[in-house]
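Here is how the chains run, residue by residue.
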Amino acid sequence: MEIKTPKTFVTSDKAHASLFNSMVDTLVENDHIFKEKLEDIKNETLINLDKENSIKDATVSGMDYPNGITLMNIGSDNETGYPTKFGFVKNEKLNNYRFTQYYYGNGNETGGHYLNTGIWYRHWYISSGWTEWHKISGFRHSNISTTGKQLLTKGEYQKVLFNRKIKDSHGAFDIKNNRFICPENGMYLVNVGIYIDSFQRYANFELSVYLNGKRYKNIAHHRQSPASPSDTLSLSFGLYGTANVPANKGDYIEIYMYVGYDGETSRYISDNPGWYNYFDIMEMGGRNFPRV
């Protein structure tokens, strides 16, 4: 970049001419300083790495990346640790101690292929290496209901048979086993509703979230003891609760119910529609931090 100095302004009014020429000299001097700064910059601009120089293996050390801001294409041959098959990577690297990598999944979404889109990031630090991928966009959502009545066995914990999909954005709900399978490490918001066909007898009902086959949180509890017990008079009610569940990829979340009651008349989960009986799971991102 060549910087040219303008000609000196000449006028009979020497005072004004001197003032104007001084201002121009300052601007020219600033341009020279700016030019020198630009020449000192090394890879501070965005560089699109070609196919040959792109780092396709996500396990490669962060020290192997160039400093600066770089873009890399990730194609269908991706089998090495990036979150999806199709997308691109933006690297923001100041040095081996300050490096953040973003992955943008931007494949085709037609036909409901929502798995192809989303945004993830991770950090590199020279002494600890790469962190896990942390998701910040493209979260899953499942809303599952029931079909027909379900008998509640007296004195037992039993799984609620959620088996009717209303919404399952990424196919994470396993209808056969009545469970949500976590597709990513992170936090999941679980909302559950159950409507119970019961009677005017003493009864005790507990609704729990199970994680990997073990009770994780009790989210609703109802105990009744009518003054005038009856095995024929209805006393139906709803159990509703919510919980945050931290989980890892591949963990599964289920809903279990305990019921105890007097008398011999059976209790059921009703056959009410999805605004009464629902298992609603929203992926929230974040991290599943270790227990202390």
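Anyway, here's the lowdown on the structure attached to this text. Residue numbers restart at each chain and count upward from 1, following the sequence in its written direction. Reporting in this predicted model follows two pLDDT cut-offs: at least 70 for local features of residues, and 80 or more for side-chain atom pairs to be given and counted; totals over whole chains, interfaces and linings ignore these cut-offs and use all residues. Excluded from the side-chain calculation are hydrogens and water; included are all heavy atoms of the structure.

1. Section: the overall build of the protein chain
Consideration 1: Where helices and strands are cited, they refer to DSSP runs of H or I of at least four residues and of E of at least two residues respectively, numbered from the N terminus. Within the protein chain, the secondary structure is distributed over one helix and 20 strands.
Consideration 2: A simple rule labels every residue: compare its accessible area, found with a 1.4 Å probe on the protein chains alone, to the largest value its type can have, and call it buried under 20%, exposed over 50%, or partly exposed in between. The proportion of buried residues among the 292 residues of the protein chain is 39%.
Consideration 3: Only heavy atoms enter the contact rule, under which two residues are in contact if any of them lie within 4.5 Å. Taking as baseline every contact in the protein chain between residues at least 6 positions apart, the subset at least 24 positions apart corresponds to 62%.
Consideration 4: Only the protein chains shown count as covering a residue, and every accessible area follows the Shrake-Rupley method with a 1.4 Å probe. Accessible surface computed for the protein chain: about 16,800 Å², of which carbon and sulfur atoms make up 52%.

2. A closer look at the pattern of salt bridges
Consideration 1: We define a salt bridge as a side-chain nitrogen of Lys or Arg found within 4 Å of a carboxyl oxygen belonging to Asp or Glu. As enumerated under the stated definition, the model contains 10 salt bridges in all.
Consideration 2: Between Asp197 and Lys149 there is a salt bridge, and its shortest N-O distance comes to 3.4 Å. Remark: Lys149 occurs in the loop between strand E8 (141-145) and strand E9 (150-152) and Asp197 occurs in strand E14 (residues 186-197); sequence separation between them is 48 residues.
Consideration 3: Note that Arg201 and Asp231 form a salt bridge whose closest N and O atoms lie 3.1 Å from each other. Taken together, the positions of Arg201 in the loop between E14 and strand E15 (203-211) and Asp231 in the loop between strand E16 (214-224) and strand E17 (237-247) put the pair 30 residues apart, joining distant regions of the chain.

3. Let's talk about the packing of aromatic side chains
Consideration 1: For this analysis, a ring pair means two rings from Phe, Tyr or Trp (six-membered ring only for Trp) whose centres lie within 6.5 Å, classed as stacked if their planes differ by under 30 degrees, edge-to-face if by over 60, and tilted for the remaining angles. For the coordinates displayed, the defined rule picks out 20 aromatic pairs.
Consideration 2: With a centroid separation of 6.0 Å and 50° between ring planes, the pair formed by Tyr82 and Trp133 is classed as tilted. Taken together, the residues span a long stretch of sequence, with Tyr82 in the loop between strand E2 (68-74) and strand E3 (87-95) and Trp133 in the loop between strand E6 (129-130) and strand E7 (134-137) at a distance of 51 residues. The same class applies to Tyr82 as to Trp133, namely buried.
Consideration 3: The structure contains a cluster of three or more aromatic residues connected by ring pairs, namely Tyr65, Phe99, Trp124 and Trp130.
Consideration 4: Should the NZ of a Lys or the CZ of an Arg lie within 6 Å of a ring centre and within 35 degrees of the ring normal, that charge is described as sitting over the ring. One residue, Arg122, lies across the ring of Trp130, its end atom 3.7 Å from the ring centre.

4. A short note on the nonpolar core
The nonpolar side chains of a soluble globular protein tend to be buried with one another.
Consideration 1: By nonpolar core is meant a set of buried Ala, Val, Leu, Ile, Met, Phe, Trp, Tyr and Cys residues that side-chain atoms within 4.5 Å join together. Counting 33 residues, the largest nonpolar core has Ile253 and Phe279 as the members making the most contacts within it.
Consideration 2: Sorting the residues of this core by element identifies E14, E15, E16, E17, strand E18 (252-261) and strand E20 (278-285) as the ones contributing at least two each.
Consideration 3: In contact with Ile253, other than residues within four places in its own chain, are Arg179, Phe180, Cys182, Tyr188, Val190, Val209, Tyr210, Leu211, Val245 and Phe279.
Consideration 4: Formed by 14 residues, the second largest nonpolar core is a distinct cluster that contains Ile55, Tyr82, Val89 and Trp120.

5. Description of the side chain of Glu283
Consideration 1: Relative to the elements of secondary structure, Glu283 occurs in strand E20.
Consideration 2: With a relative accessible area of 2%, Glu283 lands in the buried category.
Consideration 3: By the criterion applied in these results, polar contacts are pairs of N or O atoms within 3.5 Å in which, for protein atoms, one can donate a hydrogen and the other can accept it, and in which residues neighboring in sequence qualify only through two side-chain atoms. A polar atom in the side chain of Glu283 sits 2.9 Å from the backbone nitrogen of Arg140.
Consideration 4: Ignoring any residue separated from it by four or fewer positions in sequence, one finds Glu283 in contact with Lys135, Phe139, Arg140, Pro183, Glu184, Met187 and Tyr188.

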